[in-house]
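# Structure assessment
Chain by chain, the residues run as shown.
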Amino acid sequence: AQSVAQPEDQVNVAEGNPLTVKCTYSVSGNPYLFWYVQYPNRGLQFLLKYITGDNLVKGSYGFEAEFNKSQTSFHLKKPSALVSDSALYFCAVRDRRGGFKTIFGAGTRLFVKA
Amino acid sequence: DTGVSQNPRHKITKRGQNVTFRCDPISEHNRLYWYRQTLGQGPEFLTYFQNEAQLEKSRLLSDRFSAERPKGSFSTLEIQRTEQGDSAMYLCASSLDASSPLHFGNGTRLTVT
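Here is what the cut-offs are and how they apply
- For every chain, the first residue of the written sequence is number 1, and numbering continues from 1 along that sequence.
- The lettering of chains begins at A and the numbering of ligands begins at 1, in the order of writing.
- Local features are withheld for residues below a pLDDT of 70 in this predicted model, meaning they are given only at 70 or higher, and side-chain atom pairs are given and counted only at 80 or more; totals for whole chains, interfaces and linings count all residues.
- As a rule here, side-chain values cover all heavy atoms of the structure and leave hydrogens and water aside.
- Residue contacts follow a heavy-atom distance rule, with two residues in contact if any of their heavy atoms lie within 4.5 Å.
- What counts as buried area is the accessible surface, traced by a 1.4 Å probe, that two parts surrender upon association, with contributions from both included.
- Should a side-chain nitrogen of Lys or Arg be within 4 Å of a carboxyl oxygen of Asp or Glu, the pair is scored as a salt bridge.
- For this analysis, a polar contact is any N or O atom pair within 3.5 Å, provided that within protein one partner can donate a hydrogen and the other can accept it, and provided that sequence-adjacent residues contribute only side-chain to side-chain pairs.
- Any pair of Phe, Tyr and Trp rings, taking the six-membered ring for Trp, is counted once the centres come within 6.5 Å. Such a pair is stacked with planes under 30 degrees apart, edge-to-face with planes over 60 apart, and tilted for the rest.
- Counting from the N terminus, the helices are the DSSP runs of H or I reaching at least four residues and the strands are the DSSP runs of E reaching at least two.
- With a 1.4 Å probe rolled over the protein chains alone, any residue whose accessible area is under 20% of its type maximum counts as buried; one over 50% counts as exposed, and the rest are partly exposed.
- A ring is scored as having a charge over it whenever the NZ atom of a lysine or the CZ atom of an arginine sits within 6 Å of its centre and within 35 degrees of its normal.
- Put simply, buried Ala, Val, Leu, Ile, Met, Phe, Trp, Tyr and Cys residues joined by side-chain atoms within 4.5 Å make one nonpolar core.
- Criterion for a disulfide: a pair of cysteine sulfur atoms at a distance within 2.5 Å.

Further remarks concern the interface of chain B and chain A. Size of an interface: often given as the accessible area lost when the parts come together. Listed per partner, the contact involves 21 residues of chain B and 19 residues of chain A. Between chain B and chain A, roughly 1600 Å² of surface is buried when both sides are summed, and carbon and sulfur atoms account for 56% of that area. The largest per-residue losses of area from chain B upon contact with chain A belong to Ser 99, Pro 101 and Phe 104 of chain B, which jointly make up 26% of the total buried on that side. Remark: the boundary between chain B and chain A carries one salt bridge. Glu 56 of chain B is the partner of Lys 101 of chain A in a salt bridge, and the nearest nitrogen-oxygen pair spans 3.0 Å. Our enumeration of links across chain B and chain A arrives at eight residue pairs in polar contact (both at pLDDT 80 or more).

Attention shifts here to the packing of aromatic side chains. A complete count under the given rule lists 13 aromatic pairs over all chains for this structure. Centroid distance Tyr 35 of chain B to Phe 45 of chain B: 5.8 Å. Interplanar angle 75 degrees. Geometry classified as edge-to-face. Taken together, the positions of Tyr 35 of chain B in strand 4 (residues 31-37) and Phe 45 of chain B in strand 5 (residues 44-50) put the pair ten residues apart, joining distant regions of the chain. Grouping residues by exposure puts Tyr 35 of chain B and Phe 45 of chain B together as buried. Every member of this aromatic cluster is reached through a ring pair, and the members are Phe 34, Tyr 36, Phe 46 and Phe 104 of chain A together with Tyr 35, Phe 45 and Phe 104 of chain B. Above the ring of Phe 63 of chain A, the side-chain terminus of Lys 78 of chain A is found at 5.0 Å from the ring centroid. One residue, Arg 22 of chain B, lies across the ring of Phe 74 of chain B, its end atom 3.9 Å from the ring centre.

What follows is about the nonpolar core. Of all hydrophobic cores here, the largest spans 28 residues; its most connected members are Trp 35, Leu 47, Leu 48, Phe 74, Leu 76 and Tyr 89 of chain A. Those elements that provide at least two residues to this core are strand 2 (10-14), strand 3 (19-21), strand 5 (31-38), strand 6 (44-50), strand 8 (64-68), strand 9 (73-78), strand 10 (87-95) and strand 12 (108-113) of chain A. Top contributing element to this core by residue count: strand 10 of chain A, with four residues. Apart from the residues lying within four places of it in its own chain, the contact partners of Leu 76 of chain A are Leu 19, Thr 20, Val 21, Trp 35, Leu 47, Leu 48, Phe 63, Glu 64, Ala 65 and Tyr 89 of chain A. Counting 20 residues, the second-largest nonpolar core is a separate cluster that includes Leu 88 and Ala 92 of chain A together with Leu 91 and Ala 98 of chain B.

Across all of its chains, the model carries two disulfides over all chains by this definition. Bridging Cys 23 of chain A to Cys 91 of chain A, the disulfide has an S-S length of 2.0 Å. With the S-S bond torsion at -65 degrees, the cross-link from Cys 23 of chain A to Cys 91 of chain A turns out left-handed. Placement of Cys 23 of chain A in the loop between strand 3 and strand 4 (24-26) and of Cys 91 of chain A in strand 10 is noted, with a sequence separation of 68 residues between them. For the pair shown, Cys 23 of chain A and Cys 91 of chain A are each scored as buried. Each sulfur of the disulfide joining Cys 23 of chain B and Cys 92 of chain B lies 1.9 Å from the other. The chirality of the disulfide connecting Cys 23 of chain B with Cys 92 of chain B is left-handed, given an S-S dihedral of about -70 degrees. Here Cys 23 of chain B, found in strand 3 (residues 19-24), pairs with Cys 92 of chain B, found in strand 9 (residues 88-95); they are 69 residues apart in sequence, far enough to count as distant.

From the geometry alone we can't say anything about function, so treat these as descriptive.
Pasting the structure below:
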């Protein structure tokens with residue numbers, strides 16, 4: 001069975017500082033991995049994905065994520081946080097063999113203080 | 001690309017009534033998904049269509065829930081005999097293929113009184 005864990009309910013960071021939002025996953029095969037962001041009263045927006053290749057994936061709005069197969073992690077990072085990055089972030093996993101059901105984590109609220 | 005469209009945006013209904021939601025996916029996407037999201041939680045998978053075929057339905061979904069995707073275009077999600085526990089945001093998403101991300105609509109917020 002697939003599962004995703006986001007161990008932090010909330011992450012607080014000062015504007016200009018680097019940020020990390022953690023994600024670990026469990027899937028029987030090789031995963032597709034995704035990050036989504038949800039702003040208040042808005043739908044989920046795709047940020048970035050890991051399919052294959054380079055373990056460091058770059059996405060929208062200056063975000064990147066590092067895939068670590070041995071630790072089954074896919075942490076979201078940004079070198080310099082903005083107040084406008086404050087939102088709810090979801091990590092998601094899809095088993096390549098199944099190819100359709102995407103399982104989401106519970107979400108991590110990022111709060112960037114000016 | 002006009003995005004995924006969901007209607008209505010909000011629905012308030014009394015317990016025991018039936019409700020139906022509609023989703024129009026991105027036109028070239030043959031994969032369509034329904035999710036449910038409650039406050040402070042991640043989206044929970046409900047069901048999946050590839051073209052008109054419903055290929056998986058969550059075991060969490062009771063028999064009161066049914067979804068259709070006639071002709072592989074738009075989809076409807078019906079909830080019969082609604083209960084207060086059905087109150088949630090119902091999200092529709094579509095994707096192009098197995099490795100593509102999901103594109104979400106803005107959701108339908110259901111409130112059962």
